[in-house]
Amino acid sequence: MARAFIGSVECQVQVDKDLGDSWAVTVVPPRPRKGEQALASRVVKLQGEDRDKVTAGALEILQKHGQIDKFEL
């Protein structure tokens, strides 16, 4: 399963099939502990037939736009 990092915070990556050949790739940060500020989820929608390629492409887009720091597939 893919993982993304916002700073040092490890986030889950969810990949959901949307309508047709569209995919929604969501980076979901963990719930904040008491006193910590919550991080917002990041979502990218892409079209493609290959789930793995769509996941990699979406995470590359988020990294290039400074929304995540790094990712692992």
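Structure shown above.
Residues numbered from 1 in each chain as written. Predicted model: local features only at pLDDT ≥ 70, side-chain atom pairs only at ≥ 80, totals over all residues. Heavy atoms only, no water.

Draft legend 1. Quick peek at a negative patch on the surface. Taken together, Asp21, Glu49, Asp50 and Asp52 make up a surface patch of like negative charges. Residue position: Glu49 is located in the loop between strand 4 (42-47) and helix 1 (51-64). (Patch = residues over 30% accessible without salt bridge, like charges linked within 9 Å, V, L, I, M, F, W, Y side chains within 5 Å. Areas by Shrake-Rupley, 256 points an atom, 1.4 Å probe, with all protein chains shown as cover. Salt bridge = Lys/Arg side-chain N within 4 Å of Asp/Glu carboxyl O. Lys, Arg positive; Asp, Glu negative; His and termini not counted. Charge placed at Lys NZ, Arg CZ, Asp CG, Glu CD. Helix = DSSP H or I, 4+ residues; strand = E, 2+ residues; numbered from the N terminus.)

Draft legend 2. Region of the structure containing helix 1. With 14 residues, helix 1 should reach 20 Å at 1.5 Å per residue; the first-to-last C-alpha distance of 20 Å fits that figure. Buried residues along helix 1 sit in contact with strand 1 (3-6), strand 2 (9-17), strand 3 (22-28), strand 4 and strand 5 (70-72). Of the residues that open helix 1, the one with a side-chain oxygen 2.9 Å from the backbone nitrogen of Asp52 is Asp50. The positive-phi residue at the C-terminal boundary of helix 1 is Gly66, with phi of around 75°. (Expected span 1.5 Å × (residues − 1). Contact = heavy atoms within 4.5 Å. Polar contact = N/O pair within 3.5 Å; in protein donor to acceptor, adjacent residues only side chain to side chain.)

Draft legend 3. Quick look at the pattern of salt bridges. Evaluated as defined, the whole model comprises 3 salt bridges. With a closest N to O distance of 3.3 Å, Glu10 and Arg3 form a salt bridge. With a relative accessible area of 40%, Glu10 lands in the partly exposed category. Judged by relative accessible area, Arg3 falls into the partly exposed class, the value being 29%. We note a salt bridge from Lys45 to Asp18, for which the minimum N-O separation is 2.7 Å. Taken as a pair, Lys45 in strand 4 and Asp18 in the loop between strand 2 and strand 3 lie far apart in primary sequence, 27 residues in all. Under the relative-accessibility criterion, Asp18 is labelled partly exposed at 31%. What emerges from the salt-bridge pattern is a single network uniting Arg3, Glu10 and Glu72. (Buried < 20%, exposed > 50% of the residue type's maximum accessible area, 1.4 Å probe, protein only.)

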